[in-house]
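# Structure at a glance
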Amino acid sequence: MGILEDVVLNARSAVDSVSKKAGKVLDMSKLAIAAADIKTEISRKYEILGRVVYEENTTDKDYRKSIRELIDKITELKAQLEEVNATIENAKQKIKCPACDAFNAKGSVFCNKCGEKLPTAEKNDISPDDMIDFAEDNFEDDDIGL
Ligand SMILES: [Zn+2]
């Protein structure tokens, strides 16, 4: 196996583990890092794809298989990025109770824990610290550690 194929096949192991966890953890900062990692990985894949296409067109070597694999991985990474971004959007829409700090679903009018009237979602932009609280309240330690 050539160096090029090696790079293609091994480049995304880190992204794999991050995106698998991202679905479970509503920790804003980690999700933001996961999204940034995936974006970087997509950029890298595009760069490698450009090199492979260049090689394909300037040498006798046949890189069609590598090109196909790279395109498939870029498509897969884009789907993962969408998933992480959707999770971030979903998390942002939780409403934090001003009285007891419980997190409530978007659209809730009263807190489901203490009954306090909740602020409207637009006015309640949850900070990264709040998201960490939320993650700690709702997930086991194993889920949170990336
Ligand atoms: Zn409450």
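Treat the numbers as computed from the prediction; the structure is a model and nothing was measured.

Turning to the overall build of the protein chain, a few remarks are in order. Looking only at helices and strands, the protein chain has six helices and two strands in total. Ordering the α and β elements of the protein chain from the N terminus gives α-α-α-α-β-β-α-α. Counting all 146 residues of the protein chain, 25% fall into the buried class.

Negative phi characterises most residues that are not glycine, and trans characterises most peptide bonds. For D101, which is not a glycine, the phi torsion comes out positive at approximately 65°. Tracing the backbone through its elements, the reader meets D101 in the loop between β1 (95-96) and β2 (103-104).

Let us look at the environment of D62. In this structure, D62 sits in the loop between α3 (28-58) and α4 (64-92). With 10 residues separating them in the primary sequence, D62 and V52 have C-alpha atoms 9.7 Å apart.

On to the packing of α3 against α4, then. Helices that pack against each other are described as a pair by the angle of their axes relative to one another and the distance between those axes. Two numbers describe how α3 lies on α4: the axes approach to 9 Å, and their chain directions differ by 160°. Accordingly, the angle class assigned to the pair α3 and α4 is roughly antiparallel. As α3 runs across α4, the sense of the crossing is left-handed. Classifying every residue of the contact of α3 with α4 by side-chain character gives 19 nonpolar, four polar and six charged.

Turning to α3, a few remarks are in order. With 31 residues, α3 ought to run about 45 Å at 1.5 Å a step, and its terminal C-alpha atoms sit 45 Å apart, in line with that. Along α3, the residues that are buried comprise M28, K30, L31, A34, A35, D37, I38, E41, I42, K45 and V52.

About the cut-offs
Residues numbered from 1 in each chain as written. Predicted model: local features only at pLDDT ≥ 70, side-chain atom pairs only at ≥ 80, totals over all residues. Helix = DSSP H or I, 4+ residues; strand = E, 2+ residues; numbered from the N terminus. Buried ≥ 20, exposed ≤ 12 C-beta atoms within 10 Å, placed from the backbone. Axes fitted to C-alpha atoms, helices over the stretch in contact; angles between N-to-C directions. Parallel < 35°, antiparallel > 145°, perpendicular 65-115°, else oblique. Left-handed = near helix turned anticlockwise from the far one by under 90°. Nonpolar A, V, L, I, M, F, W, Y, C, P; charged D, E, K, R; others polar. Expected span 1.5 Å × (residues − 1).

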